[in-house]
2 protein chains.
Amino acid sequence: MTQAAFFVLTALADQPRHGYGILREVEELSDGAVQLRVGTLYGVLDRLTADELIVLDREEVQQGRLRRYYRLTEEGTEALAAEAERMAAGAGAAKRRIAEGRRASEGNRPAGTVPPTAPGLAGGLA
Amino acid sequence: MTQAAFFVLTALADQPRHGYGILREVEELSDGAVQLRVGTLYGVLDRLTADELIVLDREEVQQGRLRRYYRLTEEGTEALAAEAERMAAGAGAAKRRIAEGRRASEGNRPAGTVPPTAPGLAGGLA
DNA sequence: TTGAATATATCGGCAGCCGATATATCCTGG
DNA sequence: CCAGGATATATCGGCTGCCGATATATTCAA
């Protein structure tokens, strides 16, 4: 799953939204870190629809402007949950390895000089 | 940062590795979930080198076969840590939103019928 | 009346992943 | 002895997918 698809699914996870609303929501939920582009959105929407991860919920006309609302399917919710799990596992693996690398480059120092930052190495990537 | 680049950096986070070793390491650290392809690897390696996130550590000849070892630069370690942070935040945001969506679709039901599965809503996305 | 925000959509360029392919060595099994 | 698989490097073309630019239309504020 691409980054863009992940964020679209995430934006739709709590409630149905229309295209432009997804754009704003992704920016907000990522605290401005992720800016989903208009040119990216509709391709993603088409692909997610084709994969049946999202579905057209309804169409509304608000103040003369068409709003096309999408919502997650059950399959889409599962796919998003699985992806979130993989990302969390990947992030955890990276963090542990960085810590390992730091320990290795620090070399053997007199016992007790290293602050106990080391986390447990439990858990892998699904 | 692409997924492939992320996993290459992760594989290199604890110690220098050569190309083929990265391939095996990524598969192992992801528990078989991620299979980095040979055709993908060298492009990633070139780009990461150009971006100075990794650097050629040394070359060895083991049993007549060349091994080209790469290692993370300080910048590479920082970039990986930052990406891991973003991924963890994104994963957390997705999980919270899925939970919110579940609550919304469940509607108002008689108090006490819903098992207390709801996790804490702490943390945002950087 | 001009510009920004809202709202949709398309298209071409470019970046990047992947399968196929190539080359070469070493080891194991038949 | 030789075929096949693992180890190890690298390249190339095709396809997918992101992004900037562009187009259209309405509403509202300056």
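Presented here is a report on the structure given in the accompanying data block. As the structure is a computational prediction, the values presented were derived from the model and not from experiment.

## Topic: the overall build of chain A
Of regular secondary structure, chain A possesses four helices and three strands. For chain A, the N- to C-terminal ordering of α and β elements is α-β-α-α-β-β-α. In chain A, which comprises 126 residues, the share counted as buried stands at 39%. When contacts within chain A are restricted to residue pairs at least 6 apart in sequence, those whose partners lie at least 24 apart make up 47%. Accessible surface, chain A as shown: approximately 7200 Å² in total, 49% of it carbon and sulfur.

## Considering the nonpolar core
In this structure, Val8(A), Ile22(A), Val8(B) and Ile22(B) are the most contacted members of the largest nonpolar core, which totals 60 residues. Sequence-distant contacts of Val8(B), defined by excluding residues within four places in its chain, comprise Ile22(B), Val26(B), Leu36(B), Leu41(B), Val44(B), Leu45(B) and Leu48(B).

## A closer look at the interface of chain B and chain A
Across the contact, 34 residues belong to chain B and 34 residues belong to chain A. Both sides of the chain B and chain A interface together cover about 2600 Å² of buried area, and 63% of this is carbon and sulfur. On the surface where chain B and chain A come into contact, there are six salt bridges. Across the pair Glu25(A) and Arg97(B) runs a salt bridge, and its minimum N-O distance is 2.1 Å. Counting the contacts that link chain B with chain A gives 10 residue pairs in polar contact (both at pLDDT 80 or more). When residues of the side of chain B that touches chain A are traced back to their parent elements, those giving at least two are α1 (3–12), α2 (19–29) and α4 (74–106) of chain B. Of all the elements, α4(B) adds the most residues to the side of chain B that touches chain A, at 19 residues.

## What to know about helix α3 (residues 38–50) of chain B
In an α-helix, one full turn covers 3.6 residues, which means residues spaced three or four apart are oriented alike. Residue and element names in this part refer to chain B. Counted at 1.5 Å a residue, the expected span for α3 with its 13 residues is 18 Å, and the 19 Å between its end C-alpha atoms agrees. Among all positions of α3, only Leu-41, Val-44, Leu-45 and Leu-48 are buried. What you see down the axis of α3 is that its buried residues fit within an arc of 105 degrees, all on one side. Opposite the packed face of α3, turned more than 90 degrees from it, sit the exposed residues Gly-39, Asp-46 and Ala-50.

## Describing unusual backbone geometry
Although it is not a glycine, Asp31(A) sits at a positive phi angle of roughly 60 degrees. Here Asp31(A) lies in the loop between α2 (19–29) and α3 (38–50).

## Some points on the sheet that holds strand β3 (residues 65–72) of chain B
Neighbouring strands of a sheet are bound in pairs by backbone hydrogen bonds; such pairs are parallel or else antiparallel. Residues and elements named next belong to chain B. Pairing in this open sheet of three strands is antiparallel, and the strands run β1-β3-β2 from one edge to the other. Among the strands making up the open sheet, the edge pair consists of β1 (17–18) and β2 (54–62). By the bridge criterion, eight bridges tie β2 to β3 in an arrangement that is antiparallel. Its bridge partner lying in β3, Ile-54 is registered against Leu-72.

Parameters and conventions
- Residues numbered from 1 in each chain as written.
- Chains lettered and ligands numbered in written order.
- Predicted model: local features only at pLDDT ≥ 70, side-chain atom pairs only at ≥ 80, totals over all residues.
- Heavy atoms only, no water.
- Helix = DSSP H or I, 4+ residues; strand = E, 2+ residues; numbered from the N terminus.
- Buried < 20%, exposed > 50% of the residue type's maximum accessible area, 1.4 Å probe, protein only.
- Contact = heavy atoms within 4.5 Å.
- Areas by Shrake-Rupley, 256 points an atom, 1.4 Å probe, with all protein chains shown as cover.
- Core = buried A, V, L, I, M, F, W, Y, C linked by side-chain atoms within 4.5 Å.
- Buried area = accessible area lost by both parts, 1.4 Å probe.
- Salt bridge = Lys/Arg side-chain N within 4 Å of Asp/Glu carboxyl O.
- Polar contact = N/O pair within 3.5 Å; in protein donor to acceptor, adjacent residues only side chain to side chain.
- Expected span 1.5 Å × (residues − 1).
- Arc of directions from axis to C-beta.
- Pairing = 2+ DSSP bridges.

Function cannot be inferred from these measures alone, as they are strictly geometric.
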